[in-house]
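Coordinate inspection notes
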Amino acid sequence: MVEKIWFENHPIKYLLWPLLWPLSLLFGVISRRKKQAYLLGKKTAYRAPVPVVVVGNITAGGNGKTPVVVWLVEALQQQGFKPGVVSRGYGAKASSYPLLVDETTLTAHCGDEPKLIFQRTGALVAVDPNRPQAVKALLSQGVDVIISDDGLQHYALQRDVEIVVVDGQRRFGSEQLIPLGPLREPVSRLLSVDFVITNGGKAKPDEIGMTLAPGKAINLLTGEQVEVQSLAALVAFAGIGHPPRFFATLEQLGAKLVATQEFADHQDFEQKALEKLVIQGENVIMTEKDAVKCRQFALKNWWYLPVSAQFDLHKEQQILQRITEVIRKYGSPSA
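Just so we're clear, the structure is a prediction, and the values are computed from it rather than from any experiment.

Turning to the overall build of the protein, a few remarks are in order. Helix and strand content of the protein: 10 helices and 15 strands. Taking 20 Å as the expected radius of gyration for a compact globule of 335 residues, we find that the protein reaches 20 Å, a close match to that expectation. Taken along its principal axes, the extent of the C-alpha atoms in the protein is 60 × 55 × 45 Å. Every one of the 335 residues in the protein was classed for burial, and the buried ones make up 52%. For the protein, the accessible surface area stands at approximately 16,000 Å², while carbon and sulfur atoms represent 53% of it. Distance between charge centres in the protein, computed from 37 positive and 33 negative side chains, equals 6 Å.

The following block contains the structure:
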């Protein structure tokens, strides 16, 4: 229902307005005071000895940040840099922090997105609700640039480049602050960031358009890759910020869908809970983010669909050039 109020102008918002509006005002006051405390030096913000690039958003929910982080890490690796990624590990809890992700790390300890980033890129990934501590853990491993997965509003960590990812279809919904709307910060915040990337939809003149290009379906057990349209009677599920986007992508690929199921973002899965769903078809397909949580109990007919961020080559080079310039100003040995 919250999504409908935020993005679909559902009439129930008028009934909830007397409750949500003052809470939204309070949220704004608290957020501004917290930000100002760091900007004015009342609270100490950590400055890393290497460049910090934040990939975040100003709305609650998934906008496509993780594919941008993966693209950025891989692009910097190709240029000879050693990027490291920091994340708060949303929805997860480790026994101690900071946590350096490896092949044995459980998603319950690090979160689904950090594990996905590690598996896709092989980069060092550190998880800690206190991002400065995560950065320090990566510095001890010799990284020369930090990518913060989310954290635009985490002002305890100073940054050199800010990239905001926007859902090109839903944009900013009602343009109201949480909980009346989806905004973490006002839309005017975009005026102060370095790049605005629009995922899908139509990018505005001052934004960089991005599409999520799907690959082949990959089997969770064997790694076999096949075209999605070749899989019969597909049952699809997704625990991401906006599941309908995933289902629409499958349909565009010619998938033979017999059932779909939405779950909450960062949903933890258990095999027993999925049994009633998966028996409705011959094959099961999920997002790559969901796959990192399901691999340990996957069956031979379970598949996932990886997606990769794609940009206009000129715009892509603009982003990389800006980051490379910052790295060189720091005197990175890789530059």
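Picking up where we left off.
A word on unusual backbone geometry. For residues that are not glycine, phi is negative in most cases, and the peptide bond is trans in most cases. Between Tyr-97 and Pro-98 the backbone carries a cis peptide bond, its omega angle lying at -5°. Looking at the element boundaries, Pro-98 is found in the loop between strand 2 (83–87) and strand 3 (99–100). Following Ile-178, the chain continues to Pro-179 via a peptide bond in cis, the omega torsion being 5°. The backbone phi angle of Asp-150 is positive, close to 75°, even though this residue is not glycine.

Bringing the side chain of Glu-162 into the picture now. With respect to the element layout, Glu-162 can be found in strand 6 (residues 161–167). Looking at Glu-162, the relative accessible area reads 8%, which means it is buried. Only 2.8 Å separates the side chain of Glu-162 from the side chain of Arg-189, close enough to count as a polar contact. Aside from chain neighbours lying at most four places away, what touches Glu-162 is Val-54, Leu-152, Arg-189, Ser-192, Val-193, Asp-194 and Phe-195.

Turning to the nonpolar core, a few remarks are in order. Of all hydrophobic cores here, the largest spans 39 residues; its most connected members are Leu-72, Ile-147 and Ile-163. Once you skip the residues sitting within four places of it in the chain, Leu-72 turns out to touch Val-53, Val-55, Ile-147, Ile-163, Leu-320 and Ile-323. Core analysis: the next-biggest nonpolar cluster, separate from the first, contains 23 residues, Leu-157, Val-164, Leu-183 and Val-196 among them.

Here we come to the pairing of strand 1 (residues 52–56). Consecutive residues of a regular strand have side chains that alternate between opposite faces of the sheet. In terms of burial, strand 1 is a largely internal element, 5 of the 5 residues being buried. Side-chain alternation along strand 1 places Val-52, Val-54 and Gly-56 on one buried face and Val-53 and Val-55 on a second face that is also buried. Taken together, the 4 bridges between strand 1 and strand 5 (residues 145–149) define a ladder with parallel strand orientation. Within strand 5, the position partnered with Val-52 by the bridge is Ile-146. In this sheet, strand 6 lies alongside strand 1 in parallel orientation, the contact comprising 4 bridges. Counted as the bridge partner of Gly-56 is Val-164 from strand 6.

The rules behind the values
- Every residue gets a number counted from 1 within its own chain, in the order that chain's sequence is written.
- At least 70 in pLDDT is required for a residue's local features to be given in this predicted model, at least 80 for side-chain atom pairs to be given and counted, and no such filter applies to totals for whole chains, interfaces and linings, which use all residues.
- Working from all heavy atoms in the structure, the side-chain values ignore hydrogens and water.
- Put simply, DSSP marks the helices as runs of H or I at least four residues long and the strands as runs of E at least two long, and each gets a number from the N terminus on.
- Throughout, the radius of gyration refers to the C-alpha atoms, and the reference size of a globule is 2.2 Å times the residue count to the power 0.38.
- Type-normalised accessible area, obtained with a 1.4 Å probe on protein chains alone, sets the label of each residue: buried when under 20%, exposed when over 50%, and partly exposed for intermediate values.
- Method for areas: the Shrake-Rupley scheme with a 1.4 Å probe, in which residue coverage is limited to the protein chains shown.
- In this tally, Asp and Glu contribute negative charge and Lys and Arg positive charge; neither His nor the terminal groups of the chain are included.
- For charged residues, the charge sits on one atom: NZ in Lys, CZ in Arg, CG in Asp, CD in Glu.
- Two N or O atoms form a polar contact when they lie within 3.5 Å of each other; inside protein one atom must be a possible hydrogen donor and the other a possible acceptor, and for residues adjacent in sequence the pair counts only when both atoms belong to side chains.
- Contacts are assigned to residue pairs that have any heavy atoms within 4.5 Å of one another.
- We define a nonpolar core as any set of buried Ala, Val, Leu, Ile, Met, Phe, Trp, Tyr and Cys residues linked to one another through side-chain atoms lying within 4.5 Å.
- We call two strands paired when DSSP finds no fewer than two bridges between them.

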